[in-house]
Amino acid sequence: MESIFFTYKAAIDYIESIPKFTEKHPLEHTRQFLDELGVSKQMKVIHVAGTNGKGSVSAMMSNILVTEGKKTGLFISPHLVRHNERIKINNTDISDENFLEVFLNVKNKVDELKNQGITHPSYFEFLFLMGMCVFTKEQVEYVVLETGLGGRLDATNSIENKLMTIITQIGLEHTEYLGNTVEEIAGEKAGIMRENTPVIFQATDDRVSGIIEEQARQLHAEAFPVSKDDYKITIKTNKSIDFCINSGYYLKRNFSVPFISEYQVMNASVVIEAAAHLDFIPAYDKIRQAIADVKWEGRMEIVAPGIILDGAHNGSGIDEFIKTFNDVECRGKKNILFSVVQDKDYDYMIFVISNTEVSKVYITQLDTSRGLDVEQIKNDFEQNNCKADIIVIEDARQAYDEAVAEKREEDMLFCVGSLYLVGELKEHIGNKMEE
């Protein structure tokens, strides 16, 4: 198909045809494409890695820069509904027209280099190249880059010069790619660090902190740990959490996150520390506004009164979800809509959910070949002696509608287990609102 005949839908179909889970290309492969595409090296890059929290931290950092009037590019993954979500200018998804234009630029270069024997970029690499091309075209001053998988070998790490690096909470994930221990995974995440470039990191695990600090020492990079002692929660509601910073540049300043999970206070504290090490010092009132106003979909997102979507999909993520689930005040019953992919630690996820006071568990099937079969999920809940009513509805949209219809005003419904589930439900909710 000639490029001239590509539509936005055809571009999406092409991107979706690229294998997602293939062996990573060397970073030099990605750098060659960046050079050939004329990607600017003048942009100030803030690179974020971690097991959990890196998306929230990226969104908060971007919002601070935008609130300060800085033209900012934000590259995140995965998308929930549309591919455009991955590439944002000043926190706004790029348009379909812009998406198609940059797609054609990248595809034409890929075709050209393919004829020279250079292999096709992977799915993630292709989208990353698109993002960097958009940021160059739009002449953004700052770029916030969220890593995809890992850090050291991730395509985003092909960027050499960085303003700073940020490492969020680290736990076991993708062990088939990153290592079987927290220490090994921390080493992969720490691979985003650069010589003489400050690193701000979540210091809640001594094993992780030791590895990051040693890597920083070798790179002559200043390391700034953020622990739970660096903030104090003052007020919690079912919509937000207020807290005070106990150390650093913004000492004794008050902030608020528009989330109900305490881990977002840690994420915000990491961002507040990072903001103090930018090439300018953001005003307190701007940071406070940016964090209070941040939007981050699918992470304890309240989509309607008493209805929450959360993308927790690994062991440490589900632990944080359970903490919030148990702590949140509810006058009625707490119900869960759940599904999961096969390659996640679903046994542990189901075990911890089964040991809560959940009243009903709606089990549904994900619209992906990676989705775990509903009967397997149901059997796991039964084997864990879950006391909740188990309801199996294979279609996720139908499951959501039924769960909402049965929910009383005083009840709460949590939809959790996979970002695929969150994406399907957000698309469904959006379509219902347009009807």
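In this report, the structure presented in the accompanying data block is examined. (Residues numbered from 1 in each chain as written. Predicted model: local features only at pLDDT ≥ 70, side-chain atom pairs only at ≥ 80, totals over all residues. Heavy atoms only, no water.)

1. What about the side chain of Arg 194?
Residue placement: Arg 194 occurs in the loop between helix H7 (182-189) and strand E7 (199-202). Within the structure, the side chain of Arg 194 is placed 3.0 Å from the backbone oxygen of Ile 159, a separation counted as a polar contact. There is a polar contact of 3.4 Å between the side chain of Arg 194 and the backbone oxygen of Ile 192. In contact with Arg 194, not counting residues within four places along its chain, are Arg 31, Asn 157, Ile 159, Glu 160, Lys 162, Leu 219 and Ala 221. (Helix = DSSP H or I, 4+ residues; strand = E, 2+ residues; numbered from the N terminus. Polar contact = N/O pair within 3.5 Å; in protein donor to acceptor, adjacent residues only side chain to side chain. Contact = heavy atoms within 4.5 Å.)

2. Considerations on the sheet that holds strand E13 (residues 307-310)
Whether parallel or antiparallel, the strands of a sheet pair through hydrogen bonds between backbone atoms. If you walk across this open sheet you meet the six strands as E12-E13-E17-E14-E15-E16, and the pairing is mixed. At either margin of the open sheet sits one strand with a lone partner, and together these are strand E12 (301-304) and strand E16 (389-395). Taking the axes of each pair of neighbouring strands and ignoring which way they run, one obtains an average angle of 25 degrees across the sheet. Here five bridges tie strand E15 (residues 360-365) to E16, and the two strands are oriented parallel to one another. By the bridge assignment for E16, Tyr 362 is matched with Ile 391. The strands touched by helix H14 (residues 396-406) are E12, E13, strand E14 (334-338), E15, E16 and strand E17 (412-416); relative to E16, the strand with the most contacts, the crossing angle is about 140 degrees. (Pairing = 2+ DSSP bridges. Axes fitted to C-alpha atoms, helices over the stretch in contact; angles between N-to-C directions.)

3. Remarks on a negative patch on the surface
Together, Asp 367, Asp 373, Glu 375, Glu 394 and Asp 395 make up a region of like negative charge exposed at the surface. Examined against the element boundaries, Glu 375 turns out to sit in helix H13 (residues 374-383). By relative accessible area, which is 41% here, Glu 375 ends up partly exposed. (Patch = residues over 30% accessible without salt bridge, like charges linked within 9 Å, V, L, I, M, F, W, Y side chains within 5 Å. Areas by Shrake-Rupley, 256 points an atom, 1.4 Å probe, with all protein chains shown as cover. Salt bridge = Lys/Arg side-chain N within 4 Å of Asp/Glu carboxyl O. Lys, Arg positive; Asp, Glu negative; His and termini not counted. Charge placed at Lys NZ, Arg CZ, Asp CG, Glu CD. Buried < 20%, exposed > 50% of the residue type's maximum accessible area, 1.4 Å probe, protein only.)

4. Focus: the packing of aromatic side chains
Inspection of the entire model under this criterion finds 17 aromatic pairs. Ring plane angle 55 degrees and centroid distance 5.2 Å describe the contact between Phe 6 and Phe 103, whose orientation is recorded as tilted. Taken together, the residues span a long stretch of sequence, with Phe 6 in the segment before helix H1 (8-17) and Phe 103 in helix H4 (residues 96-114) at a distance of 97 residues. Classification of Phe 6 by relative accessible area gives buried; the value is 9%. For Phe 103, a relative accessible area of 0% puts it in the buried group. (Phe/Tyr/Trp six-rings, centres within 6.5 Å; stacked < 30°, edge-to-face > 60°.)

5. With respect to unusual backbone geometry
Residue Pro 78 is reached from Ser 77 by a cis peptide bond, and omega for that bond is -5 degrees. Note that Pro 78 resides in the loop between strand E2 (72-75) and strand E3 (87-89). With a phi close to 55 degrees, Gln 139 is a non-glycine residue in the positive phi region. Within the fold, Gln 139 resides in the loop between helix H5 (123-137) and strand E5 (142-146). For Gln 139, a relative accessible area of 66% translates into the label exposed. At Met 300, a position not held by glycine, the phi torsion is positive, near 50 degrees. Looking at the secondary structure, you find Met 300 in the loop between helix H10 (284-293) and E12.

6. Side note on the packing of H1 against H5
Two elements in contact, H1 and H5, have axes separated by 8 Å at closest approach and are oriented at 135 degrees. Comparing the axis directions of H1 and H5 gives the class oblique. In contact with Tyr 14, Ile 15 and Glu 16 of H1, H5 contributes Tyr 123, Phe 126, Leu 127 and Met 130. Taken together, the residues that form the contact of H1 with H5 break down as six nonpolar, no polar and one charged. (Parallel < 35°, antiparallel > 145°, perpendicular 65-115°, else oblique. Nonpolar A, V, L, I, M, F, W, Y, C, P; charged D, E, K, R; others polar.)

7. Thoughts on the packing of H4 against H5
Remark: H4 packs on H5, axes separated minimally by 9 Å, with the N-to-C direction vectors making an angle of 115 degrees. Seen along the crossing, H4 lies across H5 with a hand that is right-handed. Between H4 and H5, the residues in contact are Asn 98, Phe 99, Glu 101, Val 102, Phe 103, Val 106, Lys 107 and Val 110 and Phe 126, Leu 127, Leu 129, Met 130, Cys 133, Val 134 and Lys 137, respectively. (Left-handed = near helix turned anticlockwise from the far one by under 90°.)

8. So, the environment of Asp 293
Position of Asp 293 relative to the elements: it lies in helix H10. Its relative accessible area of 42% is what places Asp 293 among the partly exposed residues. Linking Asp 293 and Glu 262, residues 31 residues apart in sequence, is a C-alpha distance of 17 Å.

9. Let's talk about the pattern of salt bridges
Scanning the entire structure with this criterion turns up 30 salt bridges. Between Glu 188 and Arg 152 there is a salt bridge, and its shortest N-O distance comes to 3.1 Å. Of this pair, Glu 188 sits in helix H7 while Arg 152 is found in the loop between E5 and strand E6 (164-167), placing the two residues 36 residues apart along the sequence. Judged by relative accessible area, Glu 188 falls into the buried class, the value being 15%. The network of salt bridges with common partners includes Glu 28, Arg 31, Glu 160 and Arg 194.

10. A closer look at the sheet that holds strand E11 (residues 254-257)
With antiparallel pairing, three strands are arranged side by side in an open sheet as E9-E10-E11. Only two strands of the sheet have a single partner each, and these edge strands are strand E9 (231-236) and E11. With direction set aside, neighbouring strand axes in the sheet form an average angle of 30 degrees. In this sheet, strand E10 (residues 241-245) lies alongside E9 in antiparallel orientation, the contact comprising five bridges. Residue pairing across strands places Lys 236 opposite Ile 241, the latter belonging to E10. Packed on one face of the sheet, helix H9 (residues 263-275) meets E9, E10 and E11 and runs near 40 degrees to E10.

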